[in-house]
Amino acid sequence: MHDGKPFLDELVEFMSSGPAIPCRLRRENAVQVLRDLIGATDPKDAKPGTIRARYAESKGRNAVHASDSPEAARTEIEFFFGDGSARR
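Residues numbered from 1 in each chain as written. Predicted model: local features only at pLDDT ≥ 70, side-chain atom pairs only at ≥ 80, totals over all residues. Heavy atoms only, no water.

## Concerning the pattern of salt bridges
Move 1: One pass over the structure, following the stated rule, counts two salt bridges.
Move 2: The salt bridge partner of Arg61 is Glu57, with a shortest N-O separation of 3.0 Å.
Move 3: We classify Glu57 as exposed; its relative accessible area is 60%.
Move 4: Its salt-bridge partner being Glu71, residue Arg74 comes within 3.7 Å of it at the nearest N-O pair. In this pair, Arg74 and Glu71 are both assigned in helix α4 (residues 70–81), three residues apart and thus about one turn of the helix distant.
Move 5: Residue Arg74 is classed as partly exposed on the basis of its relative accessible area of 40%. (Salt bridge = Lys/Arg side-chain N within 4 Å of Asp/Glu carboxyl O. Buried < 20%, exposed > 50% of the residue type's maximum accessible area, 1.4 Å probe, protein only. Helix = DSSP H or I, 4+ residues; strand = E, 2+ residues; numbered from the N terminus.)

## Here's the deal with the side chain of Arg52
Move 1: Checked against the element boundaries, Arg52 lands in helix α3 (residues 51–55).
Move 2: For Arg52, which is buried and forms no salt bridge, the nearest opposite charge comes from Asp42, at a distance of 9.2 Å.
Move 3: Within the structure, Arg52 has its side chain in polar contact with the backbone oxygen of Asn62 (distance 3.4 Å).
Move 4: A polar atom in the side chain of Arg52 sits 2.7 Å from the backbone oxygen of Val64.
Move 5: Excluding residues within four positions of it along the chain, Arg52 makes contact with Ile38, Gly39, Ala40, Thr41, Pro43, Ala46, Asn62, Val64, His65 and Ala66. (Lys, Arg positive; Asp, Glu negative; His and termini not counted. Polar contact = N/O pair within 3.5 Å; in protein donor to acceptor, adjacent residues only side chain to side chain. Contact = heavy atoms within 4.5 Å.)

## Notes on the side chain of Thr50
Move 1: Considering the arrangement of structural elements, one finds Thr50 in the loop between α2 (30–38) and α3.
Move 2: Excluding residues that lie within four positions of it along the chain, Thr50 makes contacts with Asp36, Leu37, Ile38 and Gly39.

Below, the structure is given as C-alpha cells:
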C-alpha cells in the first residue's frame, strides 16, 4: 500500500513502537463516522476535540489510524483479524 513512499520507514517504526489495539467498527457509514471522530491526518488541520487534535504529535505520529475507504477497511480487517469477517 505504501511501498516506495518516502515516509514508509518512519511509519513502520512508529506503528511498531508499542502496543496496537485493532478494532472493527460496524455501523452505517463506519469509515466516514470514524474519520470524522479522529480528525485530519495532519493534527494542525484536525478540528478541536478530535483524537488527532488532542493526541497527535505530528502528521507522521498522528496517534491513530483508520481506513480511508470501505475497500481499505476490508483489507485491513482481513490483515488484523484474518477470520474472513471482512467479507461479511
